[in-house]
Amino acid sequence: LKLPQSDLLFGRFSGGNSELARGATVHPTPATMGNADCCMSDEHLPVTNERLEWAVRKMDPKEVQACLEAGLDVNMPVDRQGHTIMDIFMVEHQQMLKKCQTNRGRPEDQTRLFCEMQESAAQVLRQLRGAGAVISAQSAALRRGV
């Protein structure tokens, strides 16, 4: 059974047992064995705008840097409304601040967590701005759905 390379990489084989019932030769591959995701670390996945968006949503400076070094366009729209990665950053940063306000625990722990989150967000912002990222046009920035 010959599978496209993308199906092997992302474990999208859904052939079931029908090929086996017809006597087809099926060679064990990571996808058919069901372990493709656990065998591949994130750094081996293709660098895409979706990966950059995920990194910004997680405020992960290392992943953002890897995406930027791969040459991704930070001002390419991420949805039909024309939002950019900077719009995503703004929304996620706002959510992060709200989360910090609602967390409960010792004040020392909350302060430490807030400072760590702010530092990560500041690093991501510096990286995005260094790559020339801008906020989308005002009309797109006001639309819901980010």
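Above this text sits the structure in question.
About the thresholds
Residues numbered from 1 in each chain as written. Predicted model: local features only at pLDDT ≥ 70, side-chain atom pairs only at ≥ 80, totals over all residues. Heavy atoms only, no water. Axes fitted to C-alpha atoms, helices over the stretch in contact; angles between N-to-C directions. Helix = DSSP H or I, 4+ residues; strand = E, 2+ residues; numbered from the N terminus. Parallel < 35°, antiparallel > 145°, perpendicular 65-115°, else oblique. Contact = heavy atoms within 4.5 Å. Nonpolar A, V, L, I, M, F, W, Y, C, P; charged D, E, K, R; others polar. Buried < 20%, exposed > 50% of the residue type's maximum accessible area, 1.4 Å probe, protein only. 1 Å grid on protein atoms, 1.4 Å probe; cavity = no way out; pocket = protein on both sides within 12 Å on 5 of 7 lines; lining within 4 Å. Points joined across faces, edges and corners; volume = space filled by probe spheres on them. Core = buried A, V, L, I, M, F, W, Y, C linked by side-chain atoms within 4.5 Å. Salt bridge = Lys/Arg side-chain N within 4 Å of Asp/Glu carboxyl O. Arc of directions from axis to C-beta. Disulfide = S-S within 2.5 Å. Expected span 1.5 Å × (residues − 1).

Their axes nearest at 11 Å, the elements helix 7 (residues 85–102) and helix 8 (residues 107–130) cross at an angle of 170 degrees. Here helix 8 runs roughly antiparallel to helix 7, going by the angle between their axes. Between helix 7 and helix 8, the residues in contact are Ile-85, Met-86, Phe-89, His-93, Met-96, Leu-97 and Cys-100 and Phe-114, Met-117, Gln-118, Ala-121, Val-124, Leu-125, Leu-128 and Arg-129, respectively. The residue makeup of the contact of helix 7 with helix 8, split by class, is twelve nonpolar, two polar and one charged.

This part takes up unusual backbone geometry. Phi is mostly negative for residues that are not glycine, and the peptide bonds are mostly trans. With a phi angle near 50 degrees, Met-59 is a residue other than glycine that sits in the positive phi range. In this structure Met-59 comes out as buried when scored by relative accessible area, which is 8%.

Glancing now at empty space enclosed by the protein. Under the counting rule described, the total for this entry stands at one cavity of 30 Å³ or more. Considered as a void within the structure, the largest cavity measures approximately 30 Å³ in volume. If you trace the largest cavity, you find it lined by Asn-49, Leu-52, Asp-73, Val-74, Met-76, Val-78 and Ile-85. Taken together, the residues of the lining of the largest cavity break down into five nonpolar, one polar and one charged.

The biggest cluster of nonpolar side chains holds 20 residues, and the ones touching the most others in it are Leu-52, Val-56, Val-64, Ile-85 and Leu-128. Sorting elements by how many residues they give to this core places helix 7 first, with six residues.

Let's shift gears to the pattern of salt bridges. Within the structure shown, the criterion is met by seven salt bridges. The salt bridge involving Arg-57 is made with Glu-92; its shortest N-O contact spans 2.6 Å. Here the residue Arg-57 occupies a position in helix 5 (residues 49–57), and Glu-92 occupies one in helix 7, the gap between them amounting to 35 residues. Overall, the relative accessible area of 18% leaves Glu-92 in the buried class.

Another aspect to go through is helix 6 (residues 61–69). All of the buried residues in helix 6 are Pro-61, Glu-63, Val-64, Cys-67 and Leu-68. Taken end-on, helix 6 shows its buried residues confined to a sector of 165 degrees, consistent with a single buried face. Of the exposed residues in helix 6, those oriented more than 90 degrees away from the buried face are Lys-62 and Glu-69. Each element contacted by the buried residues of helix 6 is listed here: helix 5 and helix 8.

Here we take up the state of the cysteines. Chemically, a disulfide is nothing more than a covalent bond linking the sulfur atoms of two cysteines. For the coordinates displayed, the defined rule picks out zero disulfides. With no disulfide of its own, Cys-100 lies closest to Cys-115 among cysteine sulfurs, the gap being 9.2 Å.

Another point: helix 7. Compared with the 26 Å implied by 1.5 Å per residue over 18 residues, the 26 Å span of helix 7 between its first and last C-alpha is a close match. Every buried residue belonging to helix 7 is among Ile-85, Met-86, Asp-87, Ile-88, Phe-89, Glu-92, His-93, Met-96 and Cys-100, and all of these are buried.

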